[in-house]
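Summary of the model geometry
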Amino acid sequence: MLPAMSWQEDDPSPAPAPLRPPRPPRPLGSGLPAAVAAALWRGDQLGAPVSAVWSSGFAALDAQLPGGGWPGHGLTEILTPHSGTLEWRLLGPVLRQVCAAGQPVVVVGPPLSPHLPGLRRDGVHERGLVWVQADTPAERLWSAEQLIKAQACGALLVWLPQARPEQIRRLQVLAAGFEAPVFVCRPARALGESSAAPLRVQAAVGPDWALHIHIAKRKGPPLDETLHLSAVPGGLSHLLPARLRQPSRRTPRQETEHVVVRPSAQPDEHRHSAAH
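Residues numbered from 1 in each chain as written. Predicted model: local features only at pLDDT ≥ 70, side-chain atom pairs only at ≥ 80, totals over all residues. Heavy atoms only, no water.

1. Thoughts on the sheet that holds strand β7 (residues 210-217)
Read across the open sheet, the eight strands follow the order β3-β2-β4-β5-β1-β6-β7-β8; overall the sheet is mixed. The strands lining the two open edges of the sheet, one partner per strand, are β3 (129-132) and β8 (227-230). Taking each pair of neighbouring strands and ignoring which way they run, the sheet shows an average axis angle of 25°. Pairing of strand β2 (residues 105-108) with β3 involves four bridges; the strand directions are parallel. Following the sheet pairing, Val106 is matched in β3 by Val130. The strands touched by helix α6 (residues 165-175) within the sheet are β1 (75-80) and β5 (182-187), with β1 carrying the most contacts at an inclination of about 140°. (Pairing = 2+ DSSP bridges. Helix = DSSP H or I, 4+ residues; strand = E, 2+ residues; numbered from the N terminus. Axes fitted to C-alpha atoms, helices over the stretch in contact; angles between N-to-C directions. Contact = heavy atoms within 4.5 Å.)

As structure tokens, this is what we get:
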């Protein structure tokens, strides 16, 4: 007989697994193609457009624009109280970049004729400027659509004061496939209307050649503050003396004019008769 042996059964319950720190969440866009990942953006962050951007020429404005400048592949609305003047002061630096790169700037339906001497001082020469004179809203809209479809310019400015939301949406769909910046100039009252444009900028005149800029819509968190940009028109920054760069800070010099009142000279006979 085999000797009696005692057996001890193993504990059937498994040993507890060691605690591991939770995996950090994967960054947004990881594992996606670069073009797709660049198009994604969080609601609390500024968006980074797929295409290259063009500097606005104002460091404070570039810091608040998605991607660090005026974006392509989409519309940018410029809203002003008086159409025809502020747009050139705000967009002059980017138009200069486009002309310097040998690309044409096309303007459609400006309310005022472009002032070529002033544009030359901003670096926008007539050989790089194409002016499409479109009088009716339908002509302006049709011209803008054809230019975007043909990708026929390096920058497009179109004035659409009476555009409807569905027309802006159609332009936005077309501009999504156009790398160059497209600016739609509209009156400030259009800010109360819905718009498919991903970027909406409101501009107004301030003292000392300043522009007050409010970014009403952008990819990212809203911006409550108003930007104050120094924008001397027509290249006058090289011509203005220092005292005229900030005229509001000058104290008017009040000089008291001392007037000496003298009696009028009288004829000799009158003096003679008065002496008697």
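Past the structure itself, the notes keep going.
2. With respect to the packing of helix α5 (residues 137-150) against α6
Two elements in contact, α5 and α6, have axes whose closest approach is 9 Å; the angle formed by their N-to-C orientations is 15°. By the angle between their axes, α5 is roughly parallel relative to α6. The handedness of the crossing between α5 and α6 comes out as left-handed. Judged by residue contacts, Leu141, Ala144, Glu145, Ile148 and Lys149 of α5 engage Gln167, Arg170, Leu171, Leu174 and Ala175 from α6. Residues belonging to the contact of α5 with α6 are distributed by class as follows: six nonpolar, one polar and three charged. (Parallel < 35°, antiparallel > 145°, perpendicular 65-115°, else oblique. Left-handed = near helix turned anticlockwise from the far one by under 90°. Nonpolar A, V, L, I, M, F, W, Y, C, P; charged D, E, K, R; others polar.)

3. Here's the deal with the pattern of salt bridges
Oppositely charged side chains can pair when the atoms bearing their charge come close. Using the criterion set out here, one finds six salt bridges in the structure. Salt-bridge contacts for Glu145 lead to Arg170; the nearest nitrogen and oxygen are separated by 2.8 Å. Taken together, the residues Glu145 in helix α5 and Arg170 in helix α6 connect sequence positions 25 residues apart. Given a relative accessible area of 8%, Glu145 falls into the buried group. Among the ionic pairs, Glu166 bridges to Arg164, the shortest N-O distance being 2.7 Å. By relative accessible area, which is 41% here, Glu166 ends up partly exposed. According to the relative accessible area criterion, Arg164 is partly exposed, its value standing at 45%. (Salt bridge = Lys/Arg side-chain N within 4 Å of Asp/Glu carboxyl O. Buried < 20%, exposed > 50% of the residue type's maximum accessible area, 1.4 Å probe, protein only.)

4. Details of α5
Every α-helix winds through 3.6 residues per turn, so residues three or four apart in the chain are directed the same way. Compared with an ideal rise of 1.5 Å per residue, which puts 14 residues at 20 Å, α5 spans 20 Å between its outermost C-alpha atoms and is within 8% of the ideal. Buried-residue contacts for α5 involve β2, β3, β4 (155-159), α6 and β5. Taken from the residues just after α5, Gln151 is the one with a positive phi, measuring 50°. (Expected span 1.5 Å × (residues − 1).)

5. Focus: the nonpolar core
If you look at the biggest cluster of nonpolar residues, it comprises 34 residues, and the most contacted ones within it are Leu61, Trp70, Leu90, Leu91, Leu95, Val105 and Ile213. At the level of secondary structure, the elements contributing two or more residues to this core comprise α3 (86-100), β2, β4, β5, β6 (199-205), β7 and β8. Broken down by element, the residue count for this core peaks at eight residues, all from α3. With 21 residues, the next largest nonpolar core counts Leu156, Leu171, Ala180 and Val182 among its residues. (Core = buried A, V, L, I, M, F, W, Y, C linked by side-chain atoms within 4.5 Å.)

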